[in-house]
Number of protein chains: 2
Amino acid sequence: MKNNQFARLTADHETVVAELKAIHFYDDQMTCVTSPTEVYQLLLRKAFLTTKDNGSFTNKLKNYLATPSLDLKDYFDSKQPVTTKIFYLVALQLLEFLVTEDFAIDNPLEAMHRMQLPTIETNDNWHKDQLLDAWYLLLTTHTKNGQTFLDRLTNQGYFIPFYDLPVREKPLFFNGKAQAVFDPAKLVREVVYVESSVDSDCDGQRDLLKVEILRPSDTEHGLRVPALFTASPYNQGINHEAGSRAMHDVNVPLQAKKPNRLTYQEIAYRKEKHSLPAPRVVTGETRHAAETFSREHSYTLNDYFLVRGFAAVYSAGIGTLDSDGVQTCGDPQQTEATKNVIEWLNGKRRAFTNRTDNIAISAWWCNGSVAMTGRSYLGTLATAAATTGVDGLKTIISEAAISSWYDYYREGGLVIAPGGFPGEDADVLAIETQSRMKAPADYILRIKDFFTKQMDQMAQAMDRESGNYTTFWDARNYRKDITKIKCDVLMIHGLNDWNVKPGQVEALWQGLRNVPVSKKIILHQGQHIYINAFRSIDYTDMINLWISHELYGVQNGAKEVLPNVIVQDNLVPETWTTYSDWSNPNSDKTVFHLAPGTLTEECSSDSIQSFKDDSPKDDFERYTEHIDQWENELISNQKQALRANRLIFKSAPFEKAQIIDGKVTIHVKAASNQPFGMLSFQLIDFGEEKRFNPSPTPIQRMELGCNWREDTLREFTLAKFPTPFKMITKGHLNLQNRENPWKVNELMPNQFFTFDVPLQPTFHKLAAGHQLGLIIYATDFAMTVRGNQAVRYSIDLSDCHLDVPFQ
Amino acid sequence: MKNNQFARLTADHETVVAELKAIHFYDDQMTCVTSPTEVYQLLLRKAFLTTKDNGSFTNKLKNYLATPSLDLKDYFDSKQPVTTKIFYLVALQLLEFLVTEDFAIDNPLEAMHRMQLPTIETNDNWHKDQLLDAWYLLLTTHTKNGQTFLDRLTNQGYFIPFYDLPVREKPLFFNGKAQAVFDPAKLVREVVYVESSVDSDCDGQRDLLKVEILRPSDTEHGLRVPALFTASPYNQGINHEAGSRAMHDVNVPLQAKKPNRLTYQEIAYRKEKHSLPAPRVVTGETRHAAETFSREHSYTLNDYFLVRGFAAVYSAGIGTLDSDGVQTCGDPQQTEATKNVIEWLNGKRRAFTNRTDNIAISAWWCNGSVAMTGRSYLGTLATAAATTGVDGLKTIISEAAISSWYDYYREGGLVIAPGGFPGEDADVLAIETQSRMKAPADYILRIKDFFTKQMDQMAQAMDRESGNYTTFWDARNYRKDITKIKCDVLMIHGLNDWNVKPGQVEALWQGLRNVPVSKKIILHQGQHIYINAFRSIDYTDMINLWISHELYGVQNGAKEVLPNVIVQDNLVPETWTTYSDWSNPNSDKTVFHLAPGTLTEECSSDSIQSFKDDSPKDDFERYTEHIDQWENELISNQKQALRANRLIFKSAPFEKAQIIDGKVTIHVKAASNQPFGMLSFQLIDFGEEKRFNPSPTPIQRMELGCNWREDTLREFTLAKFPTPFKMITKGHLNLQNRENPWKVNELMPNQFFTFDVPLQPTFHKLAAGHQLGLIIYATDFAMTVRGNQAVRYSIDLSDCHLDVPFQ
C-alpha cells in the first residue's frame, strides 16, 4: 500500500491544540496532565470507542504491541516513556496495517516511510507537545483502508455526541475539512417543483422541475447550509428497453457525401427566441414541502458530505418523471433549466410544493452557495451550468464530463459511437432519459405525441447520414461559452475513458487557460468511473478541503494546497504525481516519419502502402459480435485475419522511459479508391508488461459515516499475466472532411490528399525498452459504421509524420 | 419476469379485514364508507407515502392509468365503478411493471397471468369486500423488483409510525410474516464473552467467545425476541496473506500407497477426554454490556429480520479476534463452542462483559429461541450445532453447508480441492480464520507458539499424502450424529456449487429421512452463492414464514405451506418447481453400457480403450494457469490437445426432455500401468443451447427496510450466445481405495479391477435433442494433484455401466 494524500494540512502546535480541543480530543482533564504517557493513554481511551468501561479498555490495550515483547497495557504499567518507535508501532496497528504483511514489528518507521505515511521523529523521549502534534498528524493520516484515522473513528461513532450541539457550533472543521457532526437518521427529505424559464413541451406553461432535497435537520433550527447539486437525467429512472429499441444500425455502408462550401458562420447556432409563457400566479407561500421521497438515486460523494453539513440536491430536469417538458439531450433549454435550479437555491427563482397548487416555497435553509457534482451526463450538465456564469454556483466538480456533444457522438465528419455503445446517438439518449414514460398516464395522455414528433425532428437534425458538425451540434457545444465561466472548476477524467473521451476534458482545460477562475485536474488510469472510493488517493479529502473553502468560505488555503494537475501513473500502482500543467499546446513535439513497418526520427520513405477494409463474412460477423476480439486481433500479430486490413509502424525500443503529455497528431497523405473514405489511427504501447486491470479491484466495504451509507473501496491492481501491448489513444477522420467537420470536400478516387488528424490527448508513460506503434486502418468495429465495403486505401509514406509531445 | 411465491398465504375475508386493520390500512374512517371507489381511493391515499397533502396526492394520481384513456384522478372524478380490469391495470403500475415492456394497457389480466401474479376476477363491478380482498392480495404480491408490495411500502416508510407502538403490540405479523415495525436507527449493539466448555489453547482457562449482538431497542422496554445466530469464523476478519502462504503445492505426483487392512472401527473417532478447567468465579452481575461494536460483518438476510423483531447474533468462535483458543477447522471442540453460544441465548450458560473482570451478563432480552443462518462454513457450523440436539435451537437454515469435511477436501482416497481453491486444505483454512493474528500482541505474545505447533500436528493428521479417510476426518464428519438432530432443517444448495459440492447436502437430506423433524430443501442453479436477493423466488418471505413459526410460534402453517423440495429449472429462467422428494435412493435407474464413443442402453462392447495422463510441458503449464481452458478443452472437440487424455462416450439424442434426479453412479473395469492411479468422471449435457450465465446478473439495489441496509437484487439470465455443452456432475477415485476411503488396496500394474464411483448428486433437465455424455480421464486440473505423470489407463468396456436415475 502506498499512501498519497494531497489534502492534509500542516498545522502549527497552537492550531493542533485548538483543533484537538474543538473535536474534544484534548479536554480539561488533559490540560492538567503533563506526563506524555498519561496523555497518550487518555487519547487512546477516547479513540477506543467500542469500550465503555476501563476494564474493557484495558482488555483492548492487550491486543496492541507497544514493543516487540510488550503489549500496550504492560507498557503503560511499566511507566516507560513515549518514543518515536513505540508511537509508530502502535500507530501502524491503529491504522489497520498488518504485521508481516505490511510492517515488521522491530522497524515501524521503515514501514511508515515506505508507505508514505507522515511521521514526527526524534531520538529523545517525547514530551506532551510532540505527542499532541503526532496524534493530530495521526488523525489526519490515511489508514490502510482509504480514509483518515479520524474518518475511521467517525464511522465508529466518534461524533455521535456532537449531533446535539447547538447550531452555532456547526459545521465543525478539522484540518480544514468539514466533519460528520450531523445525524444521518434525522435528514430532512423534501420535494419541490422549480418553475423554469423554458417551455420545452410547448404546452403554454413554464416547465416545472422536480427537485429532491436532503438536508441536515439542524437547518430546522437555524443553520443554513450550502448545496451539492447533482443534475442527473438518470435520476428518476431510465427507459432501458425503449432506448435499446431506438438504437441505430451501425452495420451500414459509409457513403459519399455531396460536397458543400459551408463556413462556420453559416451553421453556427443562434439563440432561438422561444416565446416564454407567463410565470404562474402564486397562490400562497410555505416553508414546508408537501412531498417527500424515499431512497433517492444518490452519488456516494454527496452521501459522505450529507453528514458533514451540506445538503444534497438532485434534479433530473426537463422530460423526466414528475417534471414537465421533453428531453433534448444537451440543448440550451436543458442548460437553462439546470441553471434555474441553482437560481432557486440562490434565492432568485420560485419553486412550488406541487405541480398544480402554486404554493411557493423558497430554499430558506440554503446559504446560497452551490457546488455541482457528478460524472458523465451529470458532470456534463455541471459544465453546461458553469458556462452560464450563474450566481451562487461557486464551483463544479465535473467528472468524465462532455464539453461538446459532437465529440461524444461524432468525430471529423464521422458517426463515432461512445466506446461500448455502437448505435447510440443523441435521440437514443433522449428517449432513454425521457422518464416521464415511467408514469404511463402522464406520458401516454399528455406528452407522447409531442415527444415522438420531437424525436423525429431530432433524428433529422442530428444528421446521422452526413456525420457533419451542424447547427444541431453547435447548439450543444458548451465550449463556445467557456469564457463566461465564473466558478472554479475541478476536472476529473479517466485516461482510458473511451465513452466520454479525454479530448472532452482537455478542450475544457485549454479553454480555461485564460479564464480568471481556479482550475485543477486529476487524470486517473480508469475508464468511465468514479474515483471517490480509491485507496491510494485522498480524493474525498481533497473535495472536502475544496468545498469547505468554496461553499463555507473556510480559509484553508485549498486553492494553493491542491496541485494543479495530478496524474496517476500507468506503470506503477498507487502512484500519483503532481504537475503544473497538462497538454501545454506550446510544448515541443518529436516528429516520427513513417517507413514500411517503422516509425523513425531520421529518415522518411518514398513507399506507398495500401490496405483493404472488408473482411470475409465469418470474420466480419465474429468481430461485430465480439468487439474485444477485433480490438485484440487488429493489434496482435498472432492472428492473421486482419493482416491486410491495416498498416503497422513501430519505433525502435526506447532506451529510457518516455512520457507522452498531451495531444499526438498525425499528418498523412492518403487516397481511397472510392469517392468516399475514412481513416482510423491507433497509437500503441508495445512491450511485454504486467499492466493494470482495466477495472479497479474491489477491496472492502467503506463507510461514509456512522450507521450511514456505504461504498466499495477499490484500487487498480496489476493483471496476473503480462500483455504484449496496450492501446494508448486513437483518432478518426472522414476523408471528405479534411478541412473541418462542417465543410464537405469532394474526394476523387485514387487521388492523394493530405490530412491532419489529432488523436485523443493522453498522459502515458512508455517504459524503457517499449516501442511506440501506430496503426492505420479504416473501419473501427467499436466506433464507426461497419459496412464491410470493398474499399482500398493507399498511404504515401513520403508525406506522413506523427508528432508526439514527449515531456 | 415470472413470479414464484411459495410463502404467500391465502386468507379468508375475515382475516383480510382483521389483518388490514392491524397494519392500519383499514381504519375507522373506512368502516363507515361503503362505496368501493371511495375505499379504493382511501387505500391509495395510504399507499402514496411520499405525498403529505391532498393536492400532492391528486397530482400523483395523474401519473397512473385507470383505463387506456383515463388517468386515476379523472377516473375517480368520473365516479365509475371499480372493475377487475381497472384494478389490475393500476396494480401493474403499483407493482412497478412497465407499459409495453411488461404489459399492454388494454389487457392487464393477460400480463398478470403470464407473470404468475395472483388476481381476484369477476365480471361484475366490485363491491367493498372484493376490493379489500384484492388489496390484501396485492400487498402480499411481489413487485417487479423482488419484494412484496407491502415490503416496497415498508421501504418507503409505511411502518415508521409503528416504531413507537407499545411493546405489547409487537412484533406485528401480516400474512403470517413478521413486519418491519422496529426502528433501525435505535438498534442496541453489544458484545459479550460466552464462557465455553472447551480449552482449545490448553491455557488452563475455558475459552471465552466474543459474541456480537444487535437487538431492537424495544427489548429495553420488555420485549423478548428470538435470535438469528450466525456462527462465522470469518466474522472478525481473515488472514488472507497468511492463508495464501500456507497453500499446498498441487503440482506433485500421485504416489503408490502402502496397502492396509483397516476397518472403520479402527479409524473411528472416539470422543477425547479433554480435562476441562474449572469455570471462572463470577464477581458480579449486570444487564449492561461494557463493550459495543461498529459496523459488523453482517448477512443481509439477518439485516432484513433485524427490523422485523429478531436479534442478530454473530460469533466467530475459538481462535478468532478477541476470543480465546485456536481454530480447529471443524473438530468437536468447535462444535461444542458453537453450541455454547446457543446455550447462553437459551439461558443455560454464562457470559461475561469482558475477558478479565468476570462480571456475568445474561441474554435477558432473548425469548430463548434460536435459528442459525449463513452459507458455507457458516451453514456448516449450523449443521454441526444441530447435530448436538442443543435446547433452544429451533431450526437451522443451512446454505451451501458442509456435512463432512472429508468430502470438502478429499474424495475416494484422493486429495480433491474445493473448486477454485487448488492447494487449500484444513490447515490452510484454520490459519486463514485464526484471526487472533489481527491483534499482534494477543497473537505473538500469547498464542503463536501453541498455534504453530497445532498446525504442524494438523498437517500430519489430515494426511495429505494418503488422501485417506482417517480419524482426523471422522472427527469432522457431522453426519454420524444426524439422528441427534432435534431442530427443523431448511437446506439450500447450488446445483453448480463445486466449492461445497451438492453431495454435502444430499447426504444430510438422506440422513434426515427417518429423523422426526421437518426438513425442506431448495436447489438452485447457482454456484456457491446466497439466493436471498433473487427476483424470481420469494426466498426471504419463505424464511420469514418459517422463522415466524419456529421462533415466535405463529400458527401460519409454515411446515405445510412450504414445499418439501423446490428446484430451479436449468433451462428456463425464473422457473422454480416443487417436488415431494429429491434423490430417492429407491428410484429406478436407467443403465447405459459403454461402447467406443457411445453410451447405449442396448448392447455392450468387448473393446478395451486406453488413455494417457501426461501433457506436453507447454499445455500442462497453460492448464495450470488457466484452469478454465483445461475445463473447456477436455470436453470440447475443437482443440486436440487432450484428445489422447480422455475417453468420451455419448448417448443418442433424447427424443424428449429427461430429468436426472439424484445420484448417477458409474461402474467401471479399469487398469493402470503403474502401481497407483486415479480416475475422474464427468457427466456432460451435450447440445447447442443458450444456457444460464454461471453467476446471476445484478438488477438493482434492494432495500431491506426503511433507511436501512441494502442488497443487490439479482437473477439468472441466459447467456448471449449458445454453448455446445455443460458439465452436469463429476466424481473421482483413487484406484487403491476401491473398497472405501480408509482401506488401501494394492494396485497391480496392468491388472484390471472393478470400481463403483458415485458422482455428485444433481437435478438436471436434458432438453429434447440433447445427448448425455460421459468423460473418463485422470488428472483434474481444478481438483486433483497434477503430477503430469506418464501413467496409462485402460478401460475394459465389457464391464462398465452408467446408472442414471431419470425421473
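Predicted, not measured: the structure shown is a model, and the values here were computed from it.

1. Some points on helix α17 (residues 440–462) of chain A
Phase 1 of the analysis: Here α17(A) is 23 residues long, yet its end C-alpha atoms lie only 28 Å apart, well below the 33 Å a rise of 1.5 Å per residue gives.
Phase 2 of the analysis: Along its length, α17(A) reaches its greatest deviation from straightness, about 70°, at Ile447(A).
Phase 3 of the analysis: In this structure, the buried residues of α17(A) make contact with β14 (410–411), α16 (426–433) and α18 (471–474) of chain A together with β1 (65–67), β2 (70–71) and α6 (84–94) of chain B.
Phase 4 of the analysis: Immediately beyond the C-terminal end of α17(A), within one or two residues, lies Asp463(A), with a positive phi of roughly 55°.

2. Points about helix α3 (residues 36–47) of chain B
All names here are of chain B.
Phase 1 of the analysis: Here α3 contains 12 residues, and its C-alpha end-to-end distance of 16 Å stays within 8% of the 16 Å for a straight helix at 1.5 Å per residue.
Phase 2 of the analysis: All buried positions along α3 are accounted for by Pro36, Thr37, Val39, Tyr40, Leu43, Leu44 and Ala47. Summarising the axial view, the buried residues of α3 lie within an arc of 160°, below the 170-degree limit, and thus occupy one face.

3. Topic: the domain arrangement of chain A
All names here are of chain A.
Phase 1 of the analysis: Each assigned domain of chain A is listed here: domain 1 (13–174), domain 2 (184–579) and domain 3 (590–804).
Phase 2 of the analysis: One C-alpha centre belongs to domain 1, the other to domain 2, and the line joining them spans 42 Å.
Phase 3 of the analysis: Facing the 13 residues of domain 1 at the interface are 15 residues of domain 2.
Phase 4 of the analysis: By the criterion of area lost to domain 2, the three top residues of domain 1 are Val167, Pro171 and Phe173, representing 41% of everything that side buries.

4. Section: unusual backbone geometry
Residue and element names in this part refer to chain A.
Phase 1 of the analysis: Here Lys170 and Pro171 are connected by a cis peptide whose omega angle stands at -5°.
Phase 2 of the analysis: Mapped onto the fold, Pro171 is located in the loop between α9 (149–155) and β3 (173–174).
Phase 3 of the analysis: Positive phi values are uncommon outside glycine, yet Gln116 reaches one of about 60°.
Phase 4 of the analysis: Mapping Gln116 onto the fold places it in the loop between α7 (108–114) and α8 (128–139).
Phase 5 of the analysis: Gln116 sits in the partly exposed class, given a relative accessible area of 38%.
Phase 6 of the analysis: The phi dihedral of Ser583 is positive, around 55°, even though this residue is not glycine.
Phase 7 of the analysis: Assignment of secondary structure puts Ser583 in the loop between β19 (576–579) and β20 (590–595).

5. Structural notes on the interface of chain A and chain B
Phase 1 of the analysis: Counting residues at the interface gives 63 residues for chain A, matched by 62 residues for chain B.
Phase 2 of the analysis: The interface formed by chain A and chain B includes eight salt bridges.
Phase 3 of the analysis: Between Lys60(B) and Glu291(A) there is a salt bridge; the shortest N-O distance is 2.8 Å.
Phase 4 of the analysis: Inspection of the chain A/chain B interface yields 27 residue pairs in polar contact (both at pLDDT 80 or more).
Phase 5 of the analysis: Of all elements in the fold, only α4 (54–61), β2 (70–71), β5 (188–195), α10 (240–246), α17 and β27 (697–703) of chain A reach the threshold of two or more residues within the side of chain A that touches chain B.
Phase 6 of the analysis: With six residues, α17(A) is the single largest residue contributor to the side of chain A that touches chain B.
Phase 7 of the analysis: Class assignment for the residues of the side of chain A that touches chain B results in 20 nonpolar, 20 polar and 23 charged.

6. Comments concerning the pattern of salt bridges
Phase 1 of the analysis: Taken as a whole, this structure holds 95 salt bridges over all chains when the rule is applied.
Phase 2 of the analysis: Residue Glu506(A) pairs with Lys663(A) through a salt bridge whose shortest N-O separation is 3.5 Å. Of the two residues, Glu506(A) sits in helix α19 (residues 502–511) while Lys663(A) sits in the loop between β24 (658–662) and β25 (665–672), which places them 157 residues apart along the sequence.
Phase 3 of the analysis: Salt bridges linked by common partners bring Glu195(A), Asp201(A), Arg280(A), Asp324(A), Arg350(A), Arg355(A), Arg436(A), Asp442(A), Arg446(A) and Asp71(B) together as one network.

7. As for the relation of the copies chain A and chain B
Phase 1 of the analysis: With an RMSD of 0.0 Å, the fit of chain A onto chain B corresponds to turning through 180° and sliding 0.0 Å along the axis. Those values place the two copies in the arrangement expected of a two-fold rotation axis. By C-alpha distance to the rotation axis, the residue of chain A lying nearest is Ala185(A), at 3.2 Å.
Phase 2 of the analysis: Of all interface residues in chain A, 98% are interface residues in chain B too; the two copies therefore contact each other through one and the same surface.

8. Brief notes about the packing of helix α3 (residues 36–47) of chain A against α8(A)
Residue and element names in this part refer to chain A.
Phase 1 of the analysis: Taken N-terminus to C-terminus, the directions of α3 and α8 make an angle of 25°; their axes are 9 Å apart at the nearest point. With respect to α8, the element α3 is oriented roughly parallel. Read as a crossing pair, α3 and α8 show a hand that is right-handed. The segment α3 lies against α8, with Pro36, Val39, Tyr40, Leu43, Leu44 and Ala47 engaging Lys128, Leu131, Leu132 and Trp135.

9. A short note on the UniProt feature "domain: X-Prolyl dipeptidyl aminopeptidase PepX N-terminal" (unreviewed entry) in chain A
Phase 1 of the analysis: Under the UniProt annotation, "domain: X-Prolyl dipeptidyl aminopeptidase PepX N-terminal" (unreviewed entry) lies at residues 1–158 of chain A.
Phase 2 of the analysis: Secondary structure over residues 1–158 of chain A splits into 49% helix and 3% strand, and the C-alpha atoms at its two ends are 26 Å apart.

10. Observations concerning the pairing of strand β27 (residues 697–703) of chain B
Phase 1 of the analysis: As defined by bridge partners, β27(B) adjoins strand β28 (residues 710–715) of chain B across six bridges and the pair is classed as antiparallel. Note on β28(B): the bridge partner recorded for Met702(B) is Asp711(B).

11. A look at the packing of aromatic side chains
Residue and element names in this part refer to chain A.
Phase 1 of the analysis: Under the criterion given, the structure shown has 88 aromatic pairs over all chains.
Phase 2 of the analysis: Seen in terms of ring centroids, Phe159 and Phe162 are 4.9 Å apart; in terms of plane orientation they differ by 80°. Their pairing is edge-to-face.
Phase 3 of the analysis: Since its relative accessible area comes to 1%, Phe159 is described here as buried.
Phase 4 of the analysis: In this structure Phe162 comes out as buried when scored by relative accessible area, which is 3%.
Phase 5 of the analysis: Taking the centre distance of 6.0 Å and the plane angle of 80° together, the rings of Tyr406 and Trp473 count as edge-to-face. In this pair, Tyr406 is assigned in helix α15 (residues 406–409) and Trp473 in helix α18, connecting sequence segments 67 residues apart.
Phase 6 of the analysis: For Tyr406, a relative accessible area of 3% gives the class buried.
Phase 7 of the analysis: The class for Trp473 is buried, based on a relative accessible area of 0%.
Phase 8 of the analysis: By way of ring pairs, the aromatic residues Tyr234, Tyr264, Tyr377, Trp405, Tyr406, Tyr408, Tyr409, Tyr469, Phe472, Trp473 and Trp742 are connected into one cluster.

The rules we used
Residues numbered from 1 in each chain as written. Chains lettered and ligands numbered in written order. Predicted model: local features only at pLDDT ≥ 70, side-chain atom pairs only at ≥ 80, totals over all residues. Heavy atoms only, no water. Helix = DSSP H or I, 4+ residues; strand = E, 2+ residues; numbered from the N terminus. Expected span 1.5 Å × (residues − 1). Bend = angle between axes of the 7 residues up to and from the residue. Contact = heavy atoms within 4.5 Å. Buried < 20%, exposed > 50% of the residue type's maximum accessible area, 1.4 Å probe, protein only. Arc of directions from axis to C-beta. Domains from an automatic or database assignment. Buried area = accessible area lost by both parts, 1.4 Å probe. Salt bridge = Lys/Arg side-chain N within 4 Å of Asp/Glu carboxyl O. Polar contact = N/O pair within 3.5 Å; in protein donor to acceptor, adjacent residues only side chain to side chain. Nonpolar A, V, L, I, M, F, W, Y, C, P; charged D, E, K, R; others polar. Least-squares fit on C-alpha atoms with pLDDT ≥ 70 in both. Axes fitted to C-alpha atoms, helices over the stretch in contact; angles between N-to-C directions. Parallel < 35°, antiparallel > 145°, perpendicular 65-115°, else oblique. Left-handed = near helix turned anticlockwise from the far one by under 90°. UniProt positions renumbered as here; feature names shortened; annotations may be inferred. Pairing = 2+ DSSP bridges. Phe/Tyr/Trp six-rings, centres within 6.5 Å; stacked < 30°, edge-to-face > 60°.

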